[in-house]
Amino acid sequence: MKMKGLKLMTKKKNVLFIMTDQQRADSIGPNRVKYADYPNMEKLRSESIAFDNFFTAASPCVPSRHTFLTGRHPWKAGVSGNAKFSTGNETTWMSILREYGYRSVSVGKTHMIHAGSFHIQVPVGNSFGDQDGWNHFEPVASPESDDNYFDIHVARRACDALEKLSTRKPFAMFVGFHAPHEPYVMPEKYLDFCRPEDIELPDNINSEEYASKSEAFRRRHDHFKKMFGNISEGMMRKGIAAHYCLLKMIDDCIGMIKDKLIEQNLLDNTIIIFCADHGDLLGEHGLFNKAATHYDAESRVPFMIRIPDGSKAGESINHLASSVDFVPTLFDLMGLTPDVSLPGHSLVPAMNEGKEIRDYVTLADGNGTMGIRTKEYKLWYNPHHRDGEMYDLVNDPGEMNNLYNKQEFAKLRSELFELMLHARLIDDDRDNKPTKRDWLLHDEVKASNEPEVV
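Presented here is a report on the structure given in the accompanying data block. Everything numeric here is computed off the predicted structure, so don't read it as measured data. (Residues numbered from 1 in each chain as written. Predicted model: local features only at pLDDT ≥ 70, side-chain atom pairs only at ≥ 80, totals over all residues. Heavy atoms only, no water.)

## Examining the overall build of the protein chain
And then number 1: For the protein chain, the count of helices and strands is 12 helices and 14 strands.
And then number 2: For a compact globule of 454 residues, the expected C-alpha radius of gyration is about 22 Å, and the protein chain comes in at 22 Å, within 12% of that figure.
And then number 3: Projected onto its principal axes, the C-alpha coordinates of the protein chain cover approximately 70 × 60 × 45 Å.
And then number 4: Looking at the 454 residues of the protein chain, the share that counts as buried comes to 57%. (Helix = DSSP H or I, 4+ residues; strand = E, 2+ residues; numbered from the N terminus. Rg over C-alpha atoms; globule rule 2.2 N^0.38 Å. Buried < 20%, exposed > 50% of the residue type's maximum accessible area, 1.4 Å probe, protein only.)

## A few points about the sheet that holds strand β11 (residues 361-364)
And then number 1: Read from one edge of the open sheet, 4 strands run β11-β12-β13-β14, paired in antiparallel fashion. For this open sheet the edge positions go to β11 and β14 (387-392), each flanked by a neighbour on one side alone. Within the sheet, the average angular offset between the axes of one strand and its neighbour, ignoring direction, is 10°.
And then number 2: Where β11 meets strand β12 (residues 370-373), 4 bridges bridge the pair, whose relative direction is antiparallel. Each bridged residue has a counterpart across the sheet, and for T362 the counterpart in β12 is I372. (Pairing = 2+ DSSP bridges. Axes fitted to C-alpha atoms, helices over the stretch in contact; angles between N-to-C directions.)

## A few points about the packing of helix α1 (residues 39-46) against helix α7 (residues 233-263)
And then number 1: Orientation of α1 relative to α7, taken along the N-to-C sense of each, is 55°, at an axis distance of 7 Å. Taken together, the axes of α1 and α7 are oblique relative to one another. Contacts between α1 and α7 pair P39, N40, M41 and K43 from the former with L247, K248, D251, D252, I254, G255 and K258 from the latter.
And then number 2: Among the residues forming the contact of α1 with α7, the class breakdown is 4 nonpolar, 2 polar and 5 charged. (Parallel < 35°, antiparallel > 145°, perpendicular 65-115°, else oblique. Contact = heavy atoms within 4.5 Å. Nonpolar A, V, L, I, M, F, W, Y, C, P; charged D, E, K, R; others polar.)

## Examining the sheet that holds strand β4 (residues 118-120)
Sheet strands pair by backbone hydrogen bonding; their relative direction is either parallel or antiparallel.
And then number 1: The sheet built from 8 strands is open, its strands ordered β4-β3-β6-β1-β8-β9-β2-β10 with mixed pairing. Pairing within the sheet leaves two strands with one partner each, and these edge strands are β4 and β10 (316-322). Neighbour-to-neighbour, the strand axes of this sheet turn through a mean angle of 20°, independent of strand direction.
And then number 2: Across 6 bridges, strand β1 (residues 14-21) lies against strand β6 (residues 171-180) in parallel orientation. Looking across to β6, one finds that I18 is bridged to V175.
And then number 3: Against the sheet, helix α2 (residues 61-70) makes contact with β1, β2 (49-55), β6, β8 (270-276) and β9 (303-306), and its axis sits at roughly 165° relative to β1, the strand it touches most.
And then number 4: Running over the sheet, α7 touches β1, β6, β8 and β9 and is turned about 160° from β6.

## Here's the deal with the nonpolar core
And then number 1: Ranked by size, the top nonpolar core spans 65 residues in total, and within it M173, V175, F177, Y244 and I257 carry the most contacts.
And then number 2: The biggest single contributor to this core is α7, with 14 residues.
And then number 3: Membership of the second largest hydrophobic core comes to 41 residues, among which are F326, V327, L333 and L347. (Core = buried A, V, L, I, M, F, W, Y, C linked by side-chain atoms within 4.5 Å.)

## Observations regarding the side chain of T110
And then number 1: Within the element layout of this structure, T110 appears in the loop between β3 (103-108) and β4.
And then number 2: A distance of 2.8 Å separates polar atoms of two side chains, one belonging to T110 and the other to H114.
And then number 3: Ignoring sequence-local partners within four residues, the contact set of T110 consists of R65, H119 and F174. (Polar contact = N/O pair within 3.5 Å; in protein donor to acceptor, adjacent residues only side chain to side chain.)

## Structural notes on the pattern of salt bridges
And then number 1: In total, this model carries 30 salt bridges according to the counting rule given.
And then number 2: The closest approach of N and O atoms between D21 and K109, which form a salt bridge, is 2.9 Å. Within this pair, whereas D21 is found in strand β1, its partner K109 is found in the loop between β3 and β4, the two being separated by 88 residues in sequence. Note on accessibility: D21 and K109 belong to one class, buried.
And then number 3: Where E399 meets K378, a salt bridge forms, and the shortest distance between an N and an O atom there is 2.7 Å. Of the two residues, E399 is situated in the loop between β14 and α11 (410-431) and K378 in strand β13 (residues 377-382); the sequence distance between them amounts to 21 residues. Assigned by exposure class, E399 and K378 land together as buried.
And then number 4: Among the charged side chains, a network of salt bridges with common partners joins D21, R65, K109 and D277. (Salt bridge = Lys/Arg side-chain N within 4 Å of Asp/Glu carboxyl O.)

## Focus on the pairing of β12
And then number 1: Burial along β12 is two-sided: M370 and I372 facing one way and G371 and R373 facing the other are all buried.
And then number 2: The sheet contact formed by β12 and β13 spans 4 bridges and is antiparallel. Within the sheet, the bridge partner assigned to M370 lies in β13 and is Y381.
And then number 3: In sequence, β12 turns back onto β13 through a hairpin of 3 residues.

Structure representation (structure tokens):
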């Protein structure tokens, strides 16, 4: 069915971009797990266009955020893992909007990726007690007061900033939450939202898959075993339940911000984007966390856009989409044509006409790994170990049967490697297209009459 087109935004709209850390795509929407009950996120989804096959181009936090902010692949930004941060000099959608008269502000967790905005830092205080960021299996009450707990404090500071920014001049705001990222330390009132005994363990767990997987998988598996011993079913249920408990807190924070937008008469003049930087395995393949592999649980994330006039409210798009597509989509929605080259594609034709924008998405992680995912297949390669994993997603959606080293699938592997090389080259070519400013400089250089200048 052909969809009715979006209206051109002739008046400058505010932009509110909300990002959670480590939230799975199946926590929202009609296919959500049964214990995911988040009325504020579901209400926002019912008012938005939701992309149900949206993938982050990089699974670690820092490169993922670079991609969302700059619209460029992590290898172009020189950031492939969490050990490298921002130089502060990148061209970002927030810095570009400043050139159009926007006030750009970021609040809360950004992983230092907030170039082009004024960053309102929020103190962590004693929110997480003495637990580190790997602990999935000991959910406890935070020693910090509820109002000063990090994520709730982020929501409060965002609301304060909205009050200050609610004038005629447009604003762009990034709001970054820590949850549902571990450690699972939270205000006590959220600890019982989801109970371990109600958790159903993932189907795609098999102790025999260890030998057939990649070296990267085995190293991550061994790392967890060294830290926590053998992860029992009880531990796994505690970890999964705590993840969904933290999301309840995020849902309440979303409600706070939405109420402030209504109070300040901003809701009908603000584009709202909601997404996560990456997902979490939550026990799939016997692992938690992300970034060692490219399973869908790690790389597929919730992504939705609320249009101020209500266009497309409640519609969902099942086509493949990537985080590199966000920046060109935002500018297309706003009717802006900044003088920048970007590898991604605007998703507006998908919203307007149901047009399929992509045949594949590319994936990256913190170890130089690159992957390619189509609707039917996935391949990823780790250059350090000279191996990888490959899956038939139609017949093996749980990604259990690694086809990478199976001789009968050598032709498929070759085809996917070729597609991955094509994707890398074509995206880099799109990223390197001369801008209008480049052509002006070219004409200036030609005026010098230097030999070989054309």
